[in-house]
Amino acid sequence: MECCRRATPGTPLLFLAFLLLSSRTARSEEDRDGLWDAWGPWSECSRTCGGGASYSLRRCLSNKSCEGRNIRYRTCSNVDCPPEAGDFRAQQCSAHNDVKHHGQFYEWLPVSNDPDNPCSLKCQAKGTTLVVELAPKVLDGTRCYTESLDMCISGLCQIVGCDHQLGSTMKEDNCGVCNGDGSTCRLVRGQYKSQLSATKLDDTVVAIPYGSRHIRLVLKGPDHLYLETKTLQGAKGESSLSSTGTFLVDNSSVDFQKFPDKEILRMTGPLTADFIVKIHNSGPADSTVQFIFYQPIIHRWRETDFFPCSATCGGGYQLTSAECYDLRSNRVVADQYCHYYPENIKPKPLQECNLDPCPASDGYKQIMPYDLYHPLPRWEATPWTACSSSCGGGIQSRAVSCVEEDIQGHVTSVEEWKCMYTPKMPIVQPCNIFDCPKWLAQEWSPCTVTCGQGLRYRVVLCIDHRGMHTGGCSPKTKPHIKEECIIPTPCYKPKEKLPVEAKLPWYKQAQELEEGAAVSEEPSFIPEAWSACTVTCGVGTQVRMVRCQVLLSFSQSVADLPVDECEGPKPASQRACYAGPCNGEAPEFNPEETDGLFGGLQDFDELYDWEYEGFTKCSESCGGGVQEAVVSCLNKQTREPADENLCVTSRRPPRLLKSCSLDPCPARSRVGWAWTACKDLG
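Residues numbered from 1 in each chain as written. Predicted model: local features only at pLDDT ≥ 70, side-chain atom pairs only at ≥ 80, totals over all residues. Heavy atoms only, no water.

Per an unreviewed UniProt entry, the chain goes by the name ADAMTS like 1 and belongs to Lynx canadensis. The UniProt entry for the chain carries the following text under Subcellular location (unreviewed entry): "Secreted". (UniProt positions renumbered as here; feature names shortened; annotations may be inferred.)

Right under this line is the structure:
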């Protein structure tokens, strides 16, 4: 075969045309139409980290002007800078520290987020209000705004998506996933109310796990927030947050603002450690903390052991297995961790495969041997039993057995030795290791009299391990709420032998009589404390929140449920209250008879008043019933019942109900009994 041919007369022209075309191969259709030369090489990146800009130039080959631009840009160095590198705009401001401005040296700080011209270098002299534009343009790659990826290029703000491409509109979701759907994290929001005292100066507000984003906490009140941290390697730290500013805590940026009556804490994230937000008692009044953040879902299903397809063509079945995987520790954990998140759906163990039709030439469909895709035996556990103790530490158990699953999905128990290739799951674990509720007695009130013998009172609350007012304390160990007191000042007249009862407003008595409800593993109505009375005298209103809640035993956290998930009557969320007589109300007694004994009208207690005296018998012995508080008109001195006409009708307390006998009824014997019809409690 010839390796070459003799050139024909037209060959040189064709060859020259070929060379001309090949020199323009780098041009686009727009380039050839506009007579542009090929794009030149990309310049060095304007930054080494944190996202910079690089440009490329081209030359117009026409004597006239060419349409289009002679420069193009792209992003580069899209890797995070080390924390010690600092802010790029701040570096540009500090470069002017050794240059005099109007004959004086200043330390310059950046002025960010200028809505009018975000790409000019505006800086503020530290410790002054002086703001100066030190350069008309910042360096290429400087962020236009602190909370955006958009960057300044040649003095203009260019849109940058989360994919780090110029002109891209892609955004990160709240979980930090570019163009994501928000399914890899969950929103956590709540409110904490301080329950601090002289003996308890610090408390935990909320624990925010590693990887969380968009954290915001607002404290209102006199107390103070501070942080404790723990890295994945176990190193612990603490930050006091003593002043306003932006701090670096375990490589996470923390923005803290301190005001006279509130504190604001922000962290963009993702957090590089577990953060525990705590509160320190700094004043006599209580504080509230509202918090919101996005918590990553750290446990996910991971498919493993893809067994061969049961057929080579024409459609077959392929068995897979899935395990729960901890993304933080990179290890396999028990399935219950993945079941905790409703978003996690376990992959199906049986999938179709090799759906392409078999070749028409032979029509043969090869069936794979059963043993090749038969899954390995595995450990399977029953749910944990209820904890043996509701507090103070108990145990719960479960049954663990070795099972085998066939191709139809039927599961059967097999000998344990077949599962010994993996460790057996534990069958016993501790639970409810927090302290049991305890009675907490507060300070005694002043004595009810100014001379002689009287009574004094105090509030006794049942406090759980979180410092919240709850139920569950033993009535036998409850400290007494009133006792006799003696004022050494002599009275003008001898008083009665019985000490005078303090005039407790009936709404306060109701608060003492009403049992606090404790959150349990069964959905139940949990009322919060009553608000203060809406008036300072006369009859007003009190309100409170009543939520349907359940205790999640796995995480020892409380979750709110829809109201229809709770059975039984919902406690009242509003009631009347009486705050004493208003100025000008006519008293129902003759003050002349009592001036000498009690020293005047202001020290005299009305003789008759309404009081709660316990509750009626429960309407049911089990399964949930109702009790009603008994209201009586009493003589305040003799403690004997009196005619109801002697008490002021407008002061009669409202009807007060509470649930009782909440334990389930024992199962009925099936011999000689017929089940009743199912009753809809919703």
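Next comes the rest of the account.
Regarding the overall build of the chain
Along the backbone of the chain there are seven helices and 39 strands. Counting only residues that meet the buried cut, the chain has 32% of its 682 residues in that class. In the chain, 61% of the contacts between residues at least 6 apart in sequence involve partners at least 24 apart. Of the roughly 42600 Å² that the chain leaves accessible, carbon and sulfur atoms contribute 54%. (Helix = DSSP H or I, 4+ residues; strand = E, 2+ residues; numbered from the N terminus. Buried < 20%, exposed > 50% of the residue type's maximum accessible area, 1.4 Å probe, protein only. Contact = heavy atoms within 4.5 Å. Areas by Shrake-Rupley, 256 points an atom, 1.4 Å probe, with all protein chains shown as cover.)

A closer look at the side chain of Gln542
Note on placement: Gln542 falls in strand S33 (residues 539-543). Within the structure, the side chain of Gln542 is placed 2.9 Å from the backbone oxygen of Ser531, a separation counted as a polar contact. (Polar contact = N/O pair within 3.5 Å; in protein donor to acceptor, adjacent residues only side chain to side chain.)

Brief notes about the state of the cysteines
Overall, the coordinates contain 18 disulfides when judged by the stated rule. Covalent S-S linkage joins Cys119 and Cys152, the inter-sulfur distance amounting to 2.1 Å. Residues Cys119 and Cys152 are joined through a disulfide that is left-handed, its torsion about the S-S bond being -90°. Highlighted residues: Cys119 in the loop between strand S3 (108-110) and strand S4 (121-125) and Cys152 in strand S6 (residues 151-153), separated in sequence by 33 residues. Exposure class is identical for Cys119 and Cys152. Each is buried. There is a disulfide in this structure between Cys618 and Cys660, and the S-S distance comes to 2.0 Å. The S-S bond linking Cys618 to Cys660 shows a torsion near 85°; that makes this disulfide right-handed. (Disulfide = S-S within 2.5 Å.)

Digging into the sheet that holds strand S23 (residues 378-381)
The strand order across the open sheet built from three strands is S23-S25-S26, with neighbouring strands paired in antiparallel fashion. Of all strands in the sheet, those with a lone pairing partner are S23 and strand S26 (411-413), marking the two edges. Averaged over all neighbouring strand pairs, the angle between strand axes comes to 50°, with direction disregarded. Of the strand pairs in this sheet, S23 and strand S25 (residues 400-405) are connected by four bridges, and their pairing is antiparallel. Paired with Glu380 across the bridge in S25 is Ser401. (Pairing = 2+ DSSP bridges. Axes fitted to C-alpha atoms, helices over the stretch in contact; angles between N-to-C directions.)

Focus on the nonpolar core
Ranked by size, the top nonpolar core spans 23 residues in total, and within it Val205, Ile208, Leu217 and Phe275 carry the most contacts. At the level of secondary structure, the elements contributing two or more residues to this core comprise strand S9 (202-208), strand S10 (213-220), strand S11 (224-230), strand S14 (252-258), strand S15 (262-267), strand S16 (274-280) and strand S17 (288-296). When sequence neighbours within four positions are dropped, the list of residues in contact with Ile208 reads Ile215, Leu217, Met267, Leu271, Ala273, Asp274, Phe275, Val277 and Phe293. In this structure, Tyr106, Ala125, Val132 and Cys144 belong to the second largest nonpolar core, which totals 12 residues. (Core = buried A, V, L, I, M, F, W, Y, C linked by side-chain atoms within 4.5 Å.)

Topic: the confidence of the model for the chain
Mean pLDDT over the chain works out to 77, with 80% of the residues at or above the 70 mark. S4 holds the highest mean pLDDT among the elements of the chain, 93, whereas helix H7 (residues 595-598) holds the lowest, 34. For residues 494-515, every residue scores under 50 in pLDDT, and the model assigns this stretch 69 contacts once sequence neighbours within four places are set aside. Within the model, pLDDT remains below 50 along residues 586-605, and this stretch shows 24 contacts once partners closer than five positions in the same chain are excluded. (pLDDT = per-residue confidence, 0-100.)

A short note on unusual backbone geometry
Going from Gly269 to Pro270, the amide bond is cis rather than trans, its omega being 0°. Following the sequence through the fold, Pro270 ends up in the loop between S15 and S16. Despite not being glycine, His214 shows a phi value in the positive range, around 50°. As for its placement among the helices and strands, His214 is situated in strand S10. The exposure class assigned to His214 is partly exposed, which follows from its relative accessible area of 36%.

Concerning the side chain of Arg47
Counting through the fold element by element, Arg47 comes out in the loop between helix H2 (29-34) and strand S1 (52-57). It turns out Arg47 is buried and unbridged, and the closest side chain with the opposite charge, Asp87, is 7.1 Å from it. Here Cys49 takes part through its backbone oxygen, which lies 3.2 Å from a polar atom of the side chain of Arg47. Ignoring sequence-local partners within four residues, the contact set of Arg47 consists of Gly52, Ser77, Cys81, Phe88, Asp140 and Gly141. (Lys, Arg positive; Asp, Glu negative; His and termini not counted. Salt bridge = Lys/Arg side-chain N within 4 Å of Asp/Glu carboxyl O.)

Comments concerning the pairing of S15
By the bridge criterion, six bridges tie S10 to S15 in an arrangement that is antiparallel. Residue Val218 lies in a different strand from S15, and its bridge partner there is Ile264. Once S14 ends, the chain turns through three residues before running back antiparallel as S15.

With respect to the packing of aromatic side chains
For the structure shown, the criterion picks out one aromatic pair. Judged by centre distance (5.3 Å) and plane angle (55°), the rings of Tyr106 and Trp108 are tilted. An identical accessibility class is assigned to Tyr106 and Trp108; each is buried. Above the plane of the ring of Trp36 lies Arg58, whose end atom (NZ or CZ) is 4.1 Å from the centre. (Phe/Tyr/Trp six-rings, centres within 6.5 Å; stacked < 30°, edge-to-face > 60°. Lys NZ or Arg CZ within 6 Å of the ring centre and 35° of its normal.)

Considering the pattern of salt bridges
This model, assessed by the stated rule, comprises 15 salt bridges. Salt-bridge contacts for Lys278 lead to Glu228; the nearest nitrogen and oxygen are separated by 3.6 Å. With Lys278 in strand S16 and Glu228 in strand S11, this residue pair connects regions lying 50 residues apart in the sequence. Assessed through its relative accessible area of 18%, Lys278 is described here as buried. Glu228 sits in the partly exposed class, given a relative accessible area of 23%.

Here we look at the environment of Gly472
Topologically, Gly472 is positioned in the loop between strand S30 (460-463) and strand S31 (482-487). A residue is classified by how much of its surface remains accessible, and Gly472, at 69% relative accessible area, is exposed. Between the C-alpha atom of Gly472 and that of Cys391, which follows or precedes it by 81 residues, the distance is 9.8 Å.

Section: the sheet that holds strand S8 (residues 185-193)
Strand order in the open sheet made by the six strands is S8-S17-S10-S15-S14-S13, with antiparallel pairing throughout. Edge positions in the sheet fall to S8 and strand S13 (245-249), since each has one partner strand and no second. When strand polarity is set aside, the average angle formed by the axes of neighbouring strands in this sheet is 15°. Inspection of the sheet shows S14 paired to S15 by four bridges, in the antiparallel sense. Paired with Gln257 across the two strands is Ile264, which belongs to S15.

Observations concerning the environment of Thr246
In this fold, Thr246 is placed in strand S13. Taking the C-alpha atoms as reference points, Thr246 and Arg266, separated by 20 residues in sequence, lie 9.4 Å from one another. Every residue in contact with Thr246, bar those within four places of it in the chain, is listed here: Ser253, Val254 and Asp255. At 3.3 Å, the side chain of Thr246 forms a polar contact with the side chain of Asp255.

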